[in-house]
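Per-entry structural report
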Amino acid sequence: MDDKEQFLCGVVEGFYGRPWSMDQRKVLFQWMQCWGLNTYLYGPKDDLKHRLLWREVYSPEEEGRLRTLIVEAKSRGLRFVYALSPGQDIVFSSACDLTLLKRKLRQVSDLGCQAFAILFDDIDHSMCQADSEAFSSFAHAQVTVTNEIYRFLGEPPIFLFCPTEYCGSLCSPSVSKSPYLQTVGEDLLPDITVVWTGSKVISRKLTVDCLAEVECVLQRPPLIWDNLHANDYDSRRLFLGPFKGRESGLRSHLRGLLLNPNCEFEANYVPLHTLGSWYRAGNKEGKDQECEYCPDKALSAALHDWMEELNQPLQAGRQCTQTDQQSSTQVSRCKTPDRADCPSTFRRTSPVAKLPVFPLDSSSSPSSPTAPVTGQREGGRSAQPCQPKQQLSGPRPAAPSGGGRGQKAQDRGPCGGKGLLSESQVRLLVGLYYLPHEHGLSAQKLLQDLNWLKSNCQMVSAQGNKAPPQKIDEWRGRASRFLSLCEDIAQLHCSVVGGANRAVLYDLYPYVWDLRNTALVAKAFICWLDGRVLSDGSSLGTWKNCFHWCGKSTGADLPGVESEPWAFKGGVSGEVQMLLPIGSSSELFTHPPPLFPTSRLYNIRPYHNKDKVELYRMVRQLHIRTQSSQGSCPAHPDVIGDRCLGPCLALCPEYSFILEDELGVCGCVLGIQDVRSFAKRCQASWLPAMRDKYPPKGGHEHPNTQDLIKLMEEDQGEYPDSLLYHFPSQLRLDALPELVDVSVSRTLLNALLAALKANGSQGVFCEVQPTDRQRLEFLTKLGFLEILRGEARSREGVVLGRLL
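Residues numbered from 1 in each chain as written. Predicted model: local features only at pLDDT ≥ 70, side-chain atom pairs only at ≥ 80, totals over all residues. Heavy atoms only, no water.

1. Section: the packing of helix α13 (residues 441–455) against helix α14 (residues 469–498)
Describing two packed helices takes the angle between their axes plus the distance from one axis to the other. As a packed pair, α13 and α14 sit with axes 10 Å apart at the nearest point and diverge in direction by 140°. Classed by the angle they form, the pair α13 and α14 counts as oblique. Note that α13 runs across α14; the crossing there is left-handed. Contacts between α13 and α14 involve S442, K445, L446, Q448, D449, L450, W452 and L453 from the former and E474, W475, R478, A479, R481, F482, L485, C486 and I489 from the latter. (Axes fitted to C-alpha atoms, helices over the stretch in contact; angles between N-to-C directions. Helix = DSSP H or I, 4+ residues; strand = E, 2+ residues; numbered from the N terminus. Parallel < 35°, antiparallel > 145°, perpendicular 65-115°, else oblique. Left-handed = near helix turned anticlockwise from the far one by under 90°. Contact = heavy atoms within 4.5 Å.)

In structure tokens form, the structure reads like this:
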């Protein structure tokens, strides 16, 4: 079939994000060949950043790389389309600019490229004075230059033109009445194809009816530049769902369809696989063999094939070495209903370095070396897997007590870096990162349950009249389902990090890591709600007024309103975040992931009484490490715990959260809702109890014990009313130095902040030693600001606070 007649179906290599490697592009071409796609549009990414690049010719080295790419595409039977975006700074009436543009495209043509695209999208409509005098309109200027370039290149069979008004929402006043589109339709040479994205930049649906209007105005069938899976507008979103919402009958009304995919290469297997299924379903020559396109069936077929690749030992970026080429024997085949299997050889991966240790606790020295994590930790912390199946607290039948280590942890086991992604995990992944206008089933369940649980938390409030037992059981049943899904997300993160496919890890890790952390906060918060959230009888806050901060609707779909997806930032992670009390504080959630991923499985949950022994052991261990050089340590094993943790655990345990991994407890955060009332209670009950526990006389006492008792009394020192008026709550955060993912400390803190705000707190503060730069930096990044220093008060610590 002639190039001018054949339907163009393929891929646009995104103009934003990091460039794909040559190895990745070769794999892309292999996929396209297997799935029947025929066109690849390449646009140098720097064109939109360095606006003069279109005026420069390629260096010999750049020329060689581009020639290799063109030859590789042609060897796979693909049309290579070279695109330039000169619209930002070109002077349309300048003969010099036009000559430079021709020179650049002639150089690419001499390398063997026979298809081109001139893109004028996302630019200002205004013209300079010279252009205003030479052309009657902005559209006239673009069309004149495009026609001349087209003739200069010998009228190639494929030549694309992207207008500035490239979708219905950008047309003024409408598609049919747009003077810009009318000029393009009338003056652009008839064999030049016009690019169109649909009614929106990212169109939910494309139908024959919606294209009829633009086809009439342009006087030619358009080519769809489909942004359905493009994610360059939101760093927290990824789109792994099937090609959807495009009628198969569109083909007879289009010149072609090019999919603008995810910036991350490995995220595009399912989108491109299902695009190929859609294309084949509309192929007139094969209609006897092909059934009507079904997105769900296409997704199942794509996931079946993707499973093979996901568990292959691939290196990040699909890069290969000489050793890999000699030793690799793994082969994956692309399966399609109507094409022969296409072999694909994959490369082995090298080991990934472990995340360096980062001590977060205030008492440990940042510069001191830490021992490697082994089966048993210093201080008697045994290597027992943490319990991911978190049971809700509060009185109920058959509720486990304490830390709650059950059988589910034994079924799953710790992540050892050798696990394979299961089919259910891959479906979970796709459901969480589905499409820009639509969540998958797993994301829908996550958001629906979280929204229902927070809206009905009065059923399990700490005060007021108890709801009927059946209502409580209903709430706890929904909570159990929600917690189970959060655990599945944590296990998914574990499997992605621990798998052999480092290419998938490199591309998907930031997204899975982000959702894992957000789900940890949500899970801990839902566990905390049961029996701890205050009801109408509280003077600090009520469930009726404390949930005004929760989002009213999800960003995926607002009934009756079709908005561009970038109006709702964050995808499923962002929507879970917005359903939390602190959801509007983006600085608490948006941070870059660790450079070295860890597959360690973490859990955050409310404190239980049986955790006290382990927490006391942990803080004593931290104290011993920092004081070992001084050779002093209290003889009584409880002194350090009683000072650091005891008052909070005894008087306000409902604001204490535990961080644990496969080896047990590894961190905690303690909160005080109302510092004023807490100080009074300490003076009335806690300090007298401590004086009785550590009497001044007795040969068994260590000399330093009494010094620490004095410190306990000083710890309850008064804070100025001006501070407590705006920041009535206080926190303390501790974590073991061998914590391998520092981000979970931020997540742990977020769980406490959510609880404090839910019960009416408007601000929280933390006291830090001025020499503890690590903790100061940590809190500052989370929005804490310095309020008081030692010079202004009797204590040495720096007080940092933030509003909630």
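2. A closer look at the environment of L258
Within the secondary structure, L258 sits in strand β8 (residues 256–259). Considering only alpha carbons, one finds L258 and E13, 245 residues apart in sequence, at a separation of 9.8 Å. Look past the residues within four positions of L258 in its chain and what remains in contact with it is C9, G10, V11, V12, T39, L41, L160, L223, I224, W225 and D226.

3. Some remarks on helix α15 (residues 502–529)
For α15, which comprises 28 residues, the first-to-last C-alpha distance of 38 Å matches the rise-based estimate of 40 Å (1.5 Å per residue) to within 8%. In α15, a bend of some 60° at L508 exceeds every other bend along the element, and P510, a proline, comes one to four places later. Judged by how many residues are buried, α15 sits mostly within the fold: 26 of 28 residues are covered. For α15, the N-terminal capping position is held by N501, with its side-chain oxygen 3.1 Å away from the main-chain nitrogen of A503. At the C-terminal side of α15, G531 shows a positive phi close to 90°. (Expected span 1.5 Å × (residues − 1). Bend = angle between axes of the 7 residues up to and from the residue. Buried < 20%, exposed > 50% of the residue type's maximum accessible area, 1.4 Å probe, protein only. Polar contact = N/O pair within 3.5 Å; in protein donor to acceptor, adjacent residues only side chain to side chain.)

4. As for the nonpolar core
One finds F80, Y82, W475 and F657 to be the most contacted residues of the largest nonpolar core, which totals 212 residues. By size, the runner-up hydrophobic cluster in this structure holds 21 residues, among which are A83, Y166, V201 and W225. (Core = buried A, V, L, I, M, F, W, Y, C linked by side-chain atoms within 4.5 Å.)

5. Things to note about the packing of aromatic side chains
Applying the stated rule across the entire model yields 24 aromatic pairs. Aromatic side chains Y58 and Y82 sit 6.4 Å apart centroid to centroid with 80° between the ring planes, which places their arrangement in the edge-to-face category. One end of the pair, Y58, is in the loop between β2 (39–42) and α2 (60–75); the other, Y82, is in strand β3 (residues 79–84), and 24 residues separate them in sequence. When sorted by exposure, Y58 lands in the same class as Y82, which is buried. Ring centres of F243 and W278 lie 5.3 Å apart, and the angle between their planes is 65°; on these two criteria the pair is classed as edge-to-face. Taken together, the positions of F243 in the loop between β7 (223–226) and β8 and W278 in helix α8 (residues 269–281) put the pair 35 residues apart, joining distant regions of the chain. (Phe/Tyr/Trp six-rings, centres within 6.5 Å; stacked < 30°, edge-to-face > 60°.)

6. Remarks on the environment of Q107
Tracing the backbone shows Q107 in helix α3 (residues 95–110). The class of Q107 is buried, set by a relative accessible area of 10%. Each C-alpha atom, one on Q107 and one on Y58, is 7.9 Å from the other, the two residues being 49 residues apart in sequence. At a separation of 3.0 Å, a polar atom in the side chain of Q107 contacts the side chain of E63.

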